[in-house]
Amino acid sequence: MLVSAMAKPPKSSSEKISSPHSPQDSANPMWGGRFASGPAAIMATINTSLDVDKRLAREDVQGSMAHAEMLGAQGIIPAAAAKLIADGLNKIQDELTQGIFPFRSDIEDIHMNIEARLAELIGEAAGYLHTARSRNDQVATDFRLWIRNQIDSLDISLKELQRALINKAEAEAATIMPGFTHLQTAQPVTFGHHLLAYVEMLGRDRGRFRDARQRLNESPLGAAALAGTSFPIDCHRTARALGFSHPMANSLDAVADRDFAIEFLASASICAMHLSRFAEEIILWCSAQFQFIRLSDAFTTGSSIMPQKRNPDAAELTRAKIGRILGALTGLLMVMKGLPLTYSKDMQEDKAPTFEALDALNLIVAAVTGMVLDMEPNRDSMRAATMGGFPTATDLADWLVRKKSIPFREAHHITGRIVRLAEDKNCTLADLDLRYMQQIDSRIDQSVYDVLSIDASAKSRTSYGGTAPDNVRAAAIKARERFL
């Protein structure tokens with residue numbers, strides 16, 4: 001017969017409730033009677049994870065509350081014990097919130113720290129909490145809850161970065177700048193259009209995180225060590241209580257899986273790559289050679305020897321942080337790649353890189369948001385830079401096709417000869433005398449100058465997703481509707 005509900009609950013937490021497995025074994029306080037002596041000092045050091053996994057404290061309490069409530073509801077543990085456990089866990093949650101929880105370094109991880117603290121608060125009734133549960137499914141549950149919470153928080157931060165970019169893009173919808181291929185001037189674009197490109201990238205990043213969240217949102221709790229349990233637990237009840245969509249279908253997979261952390265790190269790596277690309281452009285734009293934008297003292301530093309320097313250190317550090325994040329992904333893949341089912345202690349190495357990667361990503365999202373809000377465009381420099389490199393050459397070729405019905409390949413060849421001529425005469429296509437162009441092709445007439453200015457070029461790009469200022473303004477409005 002299962003442990004039955006007590007006829008009369010204890011009057012206080014100091015009263016004893018007989019527990020099927022007390023956490024106070026003398027040899028190994030939390031994991032019991034199998035061992036006659038304690039671990040070697042080096043074993044204690046390598047085995048301890050408290051400094052890392054104490055970040056899971058709130059999630060551990062949350063999971064334990066759901067588990068204890070289910071145990072009581074199912075009659076697996078006495079109702080009075082379930083009530084005591086809930087009261088004790090609530091006190092622990094308060095201690096964590098107030099920053100007064102007494103972490104004990106002599107206990108190897110956060111899960112055992114919380115159970116030990118629970119025993120201090122409510123006595124032997126704490127021993128009921130681990131009924132029908134293993135640290136294997138407990139840790140997997142805590143880690144999923146933590147990553148889910150981080151994704152939700154990160155989504156808010158990324159949305160605020162998109163907001164900053166959209167607002168800046170709308171304000172700079174008609175600001176002309178050179179568009180580059182191979183870092184060579186290609187065609188005129190607008191600064192607003194350029195910024196909106198990153199809004200799209202960040203939108204895909206948010207989508208990847210949402211997809212990862214949907215896949216991780218299933219509950220391992222109930223898998224126990226690896227094979228499930230003989231107690232009549234209700235996995236669906238705990239899944240609902242914790243906000244999971246459903247329990248995991250296979251107990252082996254439930255404790256062995258770290259795909260959710262790997263997918264989170266993969267999504268984080270792609271997001272960091274996008275931020276790194278943007279940071280690289282900020283670094284270029286701030287340089288004396290470009291002078292496209294200016295960052296204030298809030299996001300730059302000086303030189304210890306060169307007083308004239310204004311270094312874009314926030315952007316440079318953003319560019320570098322992908323090393324940590326991608327390294328975390330690679331490291332966890334290496335940890336997992338050779339592990340047989342189900343749990344191995346190797347998997348303790350899943351949290352430190354994930355925590356570090358998340359810290360780095362949060363930092364650079366905040367830094368890039370700050371730089372976007374801070375940056376001041378130098379419109380004159382952007383415009384001047386667009387004048388070089390014959391950025392309206394394609395407009396000339398398109399004009400020959402559209403107005404003179406010349407096949408594009410022939411028009412491309414004619415335009416190339418005209419560009420070479422303008423280069424020899426050290427002038428732009430818009431400044432090249434008509435008679436010189438007519439020497440190359442007599443079909444060219446005065447109306448060609450209507451398409452050779454950089455403003456006309458940008459305004460003409462009205463195709464869907466194009467850089468025309470009116471397009472950019474409309475795209476900014478749609479981006480707000482889609483992302484904010």
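Calculation rules
- Residues numbered from 1 in each chain as written.
- Predicted model: local features only at pLDDT ≥ 70, side-chain atom pairs only at ≥ 80, totals over all residues.
- Heavy atoms only, no water.
- Buried < 20%, exposed > 50% of the residue type's maximum accessible area, 1.4 Å probe, protein only.
- Helix = DSSP H or I, 4+ residues; strand = E, 2+ residues; numbered from the N terminus.
- Arc of directions from axis to C-beta.
- Contact = heavy atoms within 4.5 Å.
- pLDDT = per-residue confidence, 0-100.

Undergrad: Is there a simple way to think about helix α13 (residues 379-387) in this case?
TA: Because an α-helix completes one turn every 3.6 residues, residues spaced three or four positions apart along the sequence face the same direction. Residues of α13 that are buried: S381, M382 and T386. The arc enclosing the buried residues of α13, seen along the axis, measures out at 135°, which places them on a common side. In this structure, α13 carries D380 and A384 as exposed residues pointing more than 90 degrees from its buried face. On its buried side, α13 packs onto β1 (176-181), β2 (184-190), α7 (191-216), β5 (293-294), β6 (376-377) and α17 (454-460). Just downstream of α13 lies G389, where phi reads positive at about 85°.

Undergrad: I'm lost on the environment of L275 in this one. Help?
TA: In this structure, L275 sits in helix α10 (residues 259-286). Under the relative-accessibility criterion, L275 is labelled buried at 3%. With 73 residues separating them along the chain, L275 and L202 place their C-alpha atoms 8.8 Å apart. Setting aside residues up to four positions removed in sequence, L275 forms contacts with L161, L202, T318, L361, I364, V365 and V368.

Undergrad: Teacher, can you tell me more about the confidence of the model for the protein chain here?
TA: Low pLDDT marks regions whose predicted coordinates should not be analysed in detail. In this model, the protein chain carries an average pLDDT of 91, and 90% of its residues clear a pLDDT of 70 or more. Taken as a whole, residues 1-16 scores under 50 in pLDDT and shows 23 contacts with residues more than four places along the chain or in a different chain. Confidence drops under pLDDT 50 across residues 18-27; counting only partners more than four residues distant or on other chains, this segment forms 22 contacts.

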